[in-house]
Amino acid sequence: MTTLDSSKEIQKNNSEVNETHEDFRMFGLITFLIADGMTFAGFFAAYLTYKAVNPLPDGAIYELELPIPTLNTILLLVSSATFHKAGKALLKDKNSESQKWLFFTAFLGIIFLICQLFEYFHLPFGLTDNLFASTFYALTGFHGLHVTLGTLMILIIAWQSRIKGGRLTSQNTFPLEAVELYWHFVDGIWVILFIILYLF
Amino acid sequence: MTISIDPQKTNNESLQPKGWLRYFSFSLDHKVIGIQYLVCGFLFYLIGGTLASAIRIELASPMSDFMPRDVYNQVLTLHGTIMIFLWIVPVVNGAFGNYLIPFYVGARDMAFPRLNAVAFWLIPPSGLMLVASYFVEGAAQAGWTAYPPLSITTPQSGQIIWILSVLLLGGSSIFGGINFIATIIKLRRPGLKLMQLPMYCWAMLGTSLLVVLSTPVLAGTLILLSFDIIANTGFFNPVLGGNVVVYQHLFWFYSHPAVYIMVLPAFGLVSEILPVHARKPLFGYTTMVFSIMGIVVLGLVVWAHHMFTSGTPPWMRLFFTIATAFIAVPTGIKFFNWVATLWGGKISINSAMLFSCGFIINFVFGGITGVALAQVPFDIHVHDTYFVVAHFHYIVYGGTVFIIFSSIYHWFPKVTGKMLNEKLGILHFIITFIGFNLCFAPQHWLGLNGMPRRVAEYDPQFQFVNQISSLGALLMAVSTIPFLINVFLSVRNGKDSGDNPWNALTPEWLTSSPPPVENWEGEAPLVEEPYGYGKEISERK
């Protein structure tokens with residue numbers, strides 16, 4: 001097989017062609033989030049089917065308390081707003097302000113996770129008690145995993161938006177926008193989850 | 001916002017290994033990744049084929065004398081999983097998609113080259129893990145469908161490794177799908193319209209939509225199944241109040257579209273190959289596009305036709321029968337379009353053309369049995385018999401694998417600059433075609449007469465027909481030999497092909513063979529009529 005001398009080839013190409021293309025990273029992320037959303041859709045479909053056709057054994061406990069999840073819903077909704085604030089600040093080149101909002105958002109995420117764990121420890125049923133319990137833990141656990149990853153990513157971009165040596169500027173806002181979109185997505189999933197798991 | 005290509009950054013590619021070593025590197029070049037997919041997939045095809053031969057040897061006699069029953073179950077599970085997830089899906093999507101799509105859209109690489117390399121490198125470890133599970137405590141035994149409660153009650157370690165491996169392969173598939181969608185929609189050369197794209201782009205767009213929408217559901221399902229196995233939950237375990245039918249619904253929500261994920265790209269590839277070797281434009285371009293998209297939409301709403309015997313309520317049976325029968329319409333349109341493309345063409349009888357024609361013949365047979373299986377009264381009779389095995393193999397082997405070989409003969413000169421030997425190629429086709437039909441056509445009869453599938457032992461009255469089938473399998477195994485000899489000889493000292501041996505008009509042939517690292521010297525050509533055969537050069541755009 002003939003081997004090309006690739007280094008020469010590329011230099012020649014680059015000197016001739018100065019090409020630009022549209023930024024489609026956000027497009028890729030949205031496609032990924034659609035895929036991720038389908039995972040949740042599968043879980044929701046399973047949960048709703050169980051609820052419709054699989055009666056729980058007599059005496060099974062499946063009552064949920066509302067205060068903590070309601071607090072959690074408020075926490076996530078507020079965190080979406082604070083994240084948005086961070087993005088606005090970054091666009092105006094106010095990096096330290098943006099960083100503050102990001103840390104506050106991550107803080108809200110951590111509080112959410114602590115509340116979620118608190119709820120887990122005080123629920124009257126365990127993972128294997130009955131079908132409802134298993135589905136409850138699978139759904140909230142899978143969502144909690146998303147919140148954990150999101151919080152970690154927020155901390156990373158908060159670090160990257162530092163003034164000295166940070167990557168994020170008003171010219172390069174993509175990392176922040178990407179995590180923001182992901183965070184809104186996780187937030188939206190929680191609202192659906194809250195409605196069908198706790199209220200419905 | 002626009003991104004300009006930074007010469008400094010692209011130059012990093014020149015730091016990557018060259019020659020054959022680059023095929024073992026984390027290369028970002030879509031052509032290298034395409035070949036990695038193809039060769040890796042073919043190695044797994046050889047493993048899966050060996051397992052298939054073992055199955056046919058066992059079935060040559062009615063008793064289980066060649067291997068113990070539990071080993072037979074492991075072998076058939078590994079055969080199915082390897083062939084689907086490690087050979088057909090990666091090769092027909094990953095290999096040809098990565099190699100051809102950037103050429104077709106006039107780009108220098110895929111939209112996300114790093115994601116692309118990650119998607120490939122997920123495959124070898126998960127494949128090896130799957131094969132290795134056989135040597136630990138035995139591989140999974142529950143078939144490629146892993147239906148509970150069977151998958152919960154069989155030995156756990158093999159089943160868990162199977163789940164992990166399929167999850168990784170599913171992830172790889174999703175990453176690939178995202179990349180294809182972004183490349184086809186967003187990375188087209190300026191001036192190139194969607195309706196001017198070669199048909200394979202449309203097929204890959206449809207396939208990738210199915211991958212992105214349905215694979216995650218399988219991932220979620222398998223996570224729940226692994227909880228059932230490891231953590232003793234009861235999602236799919238009736239003893240603990242769970243529901244096995246929910247698993248079937250979720251599984252087939254992926255695995256029916258998976259059939260289209262395996263066969264739609266083959267539709268695209270055959271639509272590229274036929275016009276070139278018949279010297280005629282592709283018949284009915286627009287109807288082809290709408291058929292593909294129709295199959296995508298319908299493919300998502302027919303899954304329960306796999307579950308007619310699972311206590312599915314009558315209204316659901318009716319709906320899924322009708323929806324499935326509807327799929328025959330777009331598929332039939334495509335079939336007639338291919339035949340019409342050949343009609344009156346200047347047909348060259350070469351290996352690529354022969355395999356494509358073999359595809360058309362086998363596929364229409366598999367399609368007809370598919371429509372038959374969609375009818376509830378018939379399906380209840382042949383459910384879980386060899387009729388289903390025959391139907392399925394007519395689609396994926398007689399359909400897709402024939403097209404994989406056809407494509408290898410067609411694009412081998414593109415990749416290597418050498419021609420494959422035509423005599424060996426035609427020999428390969430003849431043995432494969434006879435072997436395939438000898439192996440699977442008798443299985444329709446076996447199924448209609450009630451021989452169940454997935455069993456190591458059967459009623460002695462079926463022995464003779466099973467032996468014919470095993471003879472066919474032997475021929476299929478033998479057919480690989482001329483192919484391998486052909487490839488090895490041609491890579492070393494095949495006839496030089498020149499840049500465009502077939503005088504094709506699709507964009508990948510408008511650069512040198514093998515292509516330069518960034519695909520084109522200078523700007524990518526604008527191909528408005530990829531199928532403009534039979535016209536004077538001055539008439540072509």
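Residues numbered from 1 in each chain as written. Chains lettered and ligands numbered in written order. Predicted model: local features only at pLDDT ≥ 70, side-chain atom pairs only at ≥ 80, totals over all residues.

1. Some remarks on the overall build of chain A
Regarding its fold elements, chain A presents six helices and one strand. When the backbone C-alpha atoms are referred to their principal axes, chain A occupies close to 75 × 50 × 20 Å. Buried residues in chain A amount to 31% of all 200 residues. Across chain A, contacts joining residues at least 24 apart in sequence account for 79% of those joining residues at least 6 apart. (Helix = DSSP H or I, 4+ residues; strand = E, 2+ residues; numbered from the N terminus. Buried ≥ 20, exposed ≤ 12 C-beta atoms within 10 Å, placed from the backbone. Contact = placed C-beta atoms within 7 Å.)

2. Here's the deal with the overall build of chain B
A tally of regular secondary structure across chain B gives 16 helices and one strand. Taking 2.2 N^0.38 as the reference for a compact globule, 541 residues should give roughly 24 Å; the C-alpha atoms of chain B span a radius of gyration of 23 Å, in line with that estimate. Each principal axis of the C-alpha atoms in chain B carries an extent, and together these give about 70 × 50 × 50 Å. Counting every position in chain B, which comprises 541 residues, the buried fraction comes to 55%. Put simply, of all contacts in chain B between residues at least 6 apart along the chain, 82% involve residues at least 24 apart. (Rg over C-alpha atoms; globule rule 2.2 N^0.38 Å.)

3. What about helix α4 (residues 95-122) of chain A?
Residue and element names in this part refer to chain A. Between its first and last C-alpha atoms α4 spans 41 Å; for 28 residues at 1.5 Å apiece the expected length is 40 Å, and the two agree. Within the span of α4, buried status applies to Ser98, Gln99, Trp101, Leu102, Thr105, Ala106, Leu108, Gly109 and Phe112. Where the residues of α4 are buried, they touch α3 (67-91) and α5 (131-160). (Expected span 1.5 Å × (residues − 1).)

4. Looking at the nonpolar core
Ranked by internal contacts, the top residues of the largest apolar core, which has 198 residues, are B:Ile88, B:Cys201, B:Met262 and B:Val270. Setting aside residues up to four positions removed in sequence, B:Cys201 forms contacts with B:Ile101, B:Tyr104, B:Val105 and B:Ile184. (Core = buried A, V, L, I, M, F, W, Y, C linked by C-beta atoms within 7 Å.)

5. Overview of the confidence of the model for chain A
In this model, chain A carries an average pLDDT of 87, and 90% of its residues clear a pLDDT of 70 or more. Residue range residues 1-17 of chain A is modelled with pLDDT below 50. Its contacts to residues more than four positions away, or to other chains, number 28 contacts. (pLDDT = per-residue confidence, 0-100.)

6. A look at the packing of helix α3 (residues 69-105) of chain B against helix α9 (residues 244-278) of chain B
Residues and elements named next belong to chain B. Relative to each other, α3 and α9 sit at 40°, their axes nearing to 8 Å. Relative to α9, the element α3 is oriented oblique. Crossing hand, α3 versus α9: left-handed. In this structure, α3 contributes Ile88, Val89, Val92, Asn93, Phe96 and Gly97 to the contact, and α9 contributes Ile261, Met262, Pro265, Ala266 and Leu269. Residues belonging to the contact of α3 with α9 are distributed by class as follows: nine nonpolar, two polar and no charged. (Axes fitted to C-alpha atoms, helices over the stretch in contact; angles between N-to-C directions. Parallel < 35°, antiparallel > 145°, perpendicular 65-115°, else oblique. Left-handed = near helix turned anticlockwise from the far one by under 90°. Nonpolar A, V, L, I, M, F, W, Y, C, P; charged D, E, K, R; others polar.)

7. What to know about the packing of helix α7 (residues 156-186) of chain B against helix α8 (residues 199-230) of chain B
Residues and elements named next belong to chain B. Viewed as axis vectors pointing N to C, α7 and α8 meet at an angle of 155°, and their least axial separation amounts to 8 Å. In terms of orientation, α7 and α8 fall into the roughly antiparallel class. When the axes of α7 and α8 are compared, the crossing they make is left-handed. Considered class by class, the residues forming the contact of α7 with α8 number 22 nonpolar, eight polar and no charged.

8. Re unusual backbone geometry
Residue and element names in this part refer to chain B. Cis geometry is found at the peptide bond from Pro148 to Pro149, where omega equals 5°. Positionally, Pro149 belongs in the loop between α5 (123-136) and α6 (150-153). For the bond from Ser513 to Pro514, the omega torsion is -10°, close enough to zero to count as cis. Not every positive phi belongs to a glycine, and Arg279 is a case in point at roughly 50°. Along the chain, Arg279 falls in the loop between α9 and α10 (285-299). For Asn519, which is not a glycine, the phi torsion comes out positive at approximately 75°. Note on placement: Asn519 falls in the segment after α16 (463-493). For Asn519, a count of 21 C-beta atoms within 10 Å puts it in the buried group.

9. A closer look at the confidence of the model for chain B
Residue and element names in this part refer to chain B. The share of residues in chain B with pLDDT of 70 or more is 96%, and the mean pLDDT across the chain is 92. Within chain B, no element has a lower average pLDDT than helix α1 (residues 7-11), which sits at 46, and none a higher one than helix α15 (residues 422-448), at 97. Confidence metrics for the complex model read pTM 0.92 and ipTM 0.90.

10. Brief notes about helix α6 (residues 174-199) of chain A
The end-to-end C-alpha distance of α6(A), which contains 26 residues, comes to 36 Å, matching closely the 38 Å that a straight helix rising 1.5 Å per residue would cover. Packing partners of the buried residues in α6(A) comprise α2 (25-53), α3 and α5 of chain A.

11. Some remarks on the environment of B:Trp343
By the secondary structure assignment, B:Trp343 is in the loop between α11 (314-342) and α12 (351-374). Distance in space between the C-alpha atoms of B:Trp343 and B:Pro281 is 11 Å, their sequence separation being 62 residues.

12. Description of the environment of B:Ser165
All names here are of chain B. With respect to the element layout, Ser165 can be found in helix α7. Along the backbone, Ser165 and Val71 are 94 residues apart, and their C-alpha atoms lie at a distance of 20 Å. The residues touching Ser165, leaving out its near neighbours within four places in the chain, are Ser126, Met129 and Leu130.

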